[in-house]
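Structural features, examined
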Amino acid sequence: WEQSCIETCFLILPKMFQMSVEVERKFICTEEILKVLEKTGVCVGQRDFHDQYFDTANFDLTLQDFWLRNRKGSWELKCPVTMNKADQANGGQSKAEALCSRYREIIDLTDIQQKVREKTDEVVDSQSRTITTDDGPKTQEDETWLSGMNLKCFAEFTTVRRSFTLEEDGVQVDLDQADFGYNVGEIEVLVTEGEDVQSALEKIGKAAQKLGLTGNQKIPGKMDIYLQRHLPKHYEALMMAHIL
Ligand SMILES: Cc1ncc(C[n+]2csc(CCOP(=O)(O)OP(=O)(O)OP(=O)(O)O)c2C)c(N)n1
């Protein structure tokens, strides 16, 4: 009993708290929207960060909608979230959902390496190539595991981000300026995995209305534009696979 309590407290609980799902809607921030945001939101700060994104030469991760990045020295893996039964019963993708994206974020390096191995091994298996199992040391700074899994940096850029909070519980609005010349805003709500995503979508819908967002087209993110401009082959492969 004692052992299982220790495991729950030190091994399982911390990981449960890390399993967050990010629901977000991107938008192009016009002068009018900025005015409303500055009036109704609270600016919680400005920061800049450098992102490096990694994949294999065959785009094995991104073609499965997995996005591995290093931001300011920390590893993050964004994984696609499949629709649950309640969402399917709700009639599949609603209008609100069509404008939003949702990803599960893994930040524990061991979990990231395991998931990446799983995702790239599937591809390796199907092509009958040799599987590399020794991933090397597992510290945030040690990057030898990347070459062990044939991962290379394919994109890197710096973003200046201004963040605001809105009245709605847990709604954050970020205004990003990427150094390759693309500005994009996002309304974001974090939910714990398994929680009802519908309430997050509703909050995002209300925030969008408040800001006066019009149009019902999904707005491209920084990576979409980066790939389109700098890596057309990779971009085309992702478009063909309906990832972007
Ligand atoms: C609109 C849209 N954007 C990105 C993707 C896929 N995708 C490409 S790169 C990528 C990873 C990060 O994308 P994004 O959330 O746009 O970056 P950022 O805002 O800097 O991250 P945050 O600070 O919020 O964690 C994804 C999920 C998609 N399917 N649709």
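All of the points below concern the structure found in this document. (Residues numbered from 1 in each chain as written. Predicted model: local features only at pLDDT ≥ 70, side-chain atom pairs only at ≥ 80, totals over all residues. Heavy atoms only, no water.)

1. Quick notes on the overall build of the protein
Our working definition: Comment: elements are numbered from the N terminus, with helices defined as DSSP H or I runs of at least four residues and strands as E runs of at least two. For every residue, the accessible area obtained with a 1.4 Å probe (protein chains only) is divided by the maximum for its type, and the residue is called buried under 20%, exposed over 50%, and partly exposed between those limits. Contact definition: two residues touch when any of their heavy atoms are within 4.5 Å. Surface exposure here means Shrake-Rupley accessible area, sampled with a 1.4 Å probe, where a residue is shielded only by the protein chains that are shown.
Scanning the protein from terminus to terminus reveals nine helices and eight strands. Within the protein, the proportion of its 244 residues that are buried is 42%. Look at the contacts in the protein between residues 6 or more apart in sequence, and 69% of them connect residues 24 or more apart. When the accessible area of the protein is evaluated, it comes to approximately 13800 Å², of which 52% is carbon and sulfur surface.

2. Notes on the packing of aromatic side chains
Put simply, the rule is: For Phe, Tyr and Trp, where Trp contributes only its six-membered ring, two rings pair if their centres lie within 6.5 Å, and the inter-plane angle classes them as stacked under 30 degrees, edge-to-face over 60, or tilted in between. Think of it as a cone above the ring: NZ of Lys or CZ of Arg counts as a charge over the ring if it is within 6 Å of the ring centre and within 35 degrees of the ring normal.
Throughout the structure, instances matching the rule amount to seven aromatic pairs. Ring geometry for Phe-157 versus Phe-180: centroids 5.1 Å apart, planes at 75°, classification edge-to-face. One end of the pair, Phe-157, is in strand S6 (residues 152-165); the other, Phe-180, is in the loop between strand S7 (171-178) and strand S8 (182-192), and 23 residues separate them in sequence. Pair check on accessibility: Phe-157 and Phe-180 agree, each one buried. Taken together, the aromatic side chains of Tyr-53, Phe-154, Phe-157, Phe-180 and Tyr-226 make up a single cluster linked through ring pairs. Sitting above the plane of the Phe-49 ring, Arg-71 keeps its charged end 3.7 Å from the centroid.

3. Observations regarding the side chain of Glu-24
Heads up, the condition is: A 3.5 Å cut-off defines polar contacts: any pair of N or O atoms within that distance qualifies, except that in protein one atom must be a possible hydrogen donor and the other a possible acceptor, and neighbouring residues in sequence count only when both atoms are side-chain atoms.
For Glu-24, the location among the structural elements is in strand S1 (residues 20-27). A distance of 2.4 Å separates the side chain of Glu-24 from the side chain of Lys-26, its partner in a polar contact. Discounting residues that sit within four places of it in the chain, Glu-24 has contacts with Leu-99, Cys-100, Ser-101, Glu-186, Ile-187, Glu-188 and Ile-204.

4. Section: the side chain of Lys-78
By secondary structure assignment, the location of Lys-78 is in strand S4 (residues 74-80). Classification of Lys-78 as buried rests on a relative accessible area of 13%. Polar side-chain contacts of Lys-78 include one of 2.7 Å to the side chain of Glu-22. Only 3.4 Å separates the side chain of Lys-78 from the side chain of Glu-105, close enough to count as a polar contact. Other than its neighbours up to four places away in sequence, Lys-78 contacts Glu-22, Asp-65, Phe-66, Trp-67, Arg-69, Tyr-103, Arg-104 and Glu-105.

5. Focus: the site of the ligand
The following threshold applies: Residues are labelled near a given molecule or strand when at least one of their non-hydrogen atoms is within 4 Å of it. Gly counts as polar in this scheme, as do all residues outside two lists: the nonpolar Ala, Val, Leu, Ile, Met, Phe, Trp, Tyr, Cys and Pro, and the charged Asp, Glu, Lys and Arg.
The full set close to the ligand counts 18 residues, and Lys-26, Arg-69, Arg-71, Lys-78 and Lys-222 are the nearest of them. Between an oxygen atom of the ligand and a side-chain N or O atom of Glu-22, the distance comes to 3.4 Å. A distance of 3.5 Å separates a nitrogen atom of the ligand from a polar atom in the backbone of Ile-243. Calculation on the ligand without its partners gives an accessible area of 640 Å², and the protein chains cover 94% of this total. Elements with a minimum of two residues in the shell around the ligand: S1, strand S3 (67-71), S8 and helix H8 (222-230). Taken together, the residues of the shell around the ligand break down into six nonpolar, no polar and twelve charged.

6. Describing the nonpolar core
The test is simple: The term nonpolar core refers to a set of buried residues drawn from Ala, Val, Leu, Ile, Met, Phe, Trp, Tyr and Cys, joined through side-chain atoms within 4.5 Å.
Counting residues in hydrophobic clusters, the biggest one holds 23 residues, and the most contacted among them are Val-23, Phe-27, Leu-37, Val-173, Ile-187, Leu-211 and Leu-213. Those elements that provide at least two residues to this core are S1, helix H2 (31-40), S7, S8 and helix H7 (197-211). The element best represented in this core is H7, accounting for seven residues. Ignoring sequence-local partners within four residues, the contact set of Ile-187 consists of Val-23, Glu-24, Arg-25, Phe-27, Val-171, Gln-172, Val-173, Ile-204, Ala-207, Ala-208, Leu-211 and Leu-213. With 16 residues, the next largest nonpolar core counts Tyr-53, Ala-155, Tyr-182 and Leu-227 among its residues.

7. Structural notes on the pairing of S6
How we decide: Whether two strands pair comes down to DSSP finding at least two bridges between them.
Across 13 bridges, the pairing between strand S2 (residues 42-55) and S6 is antiparallel. By the bridge assignment for S6, Gln-52 is matched with Glu-156. Taken together, the seven bridges between S6 and S7 define a ladder with antiparallel strand orientation. Of the residues in S7, the one forming a bridge with Thr-165 is Gln-172. Counting the residues between successive antiparallel strands, the hairpin from S6 to S7 contains five residues, one of them, Gly-170, with a positive phi of roughly 70°.

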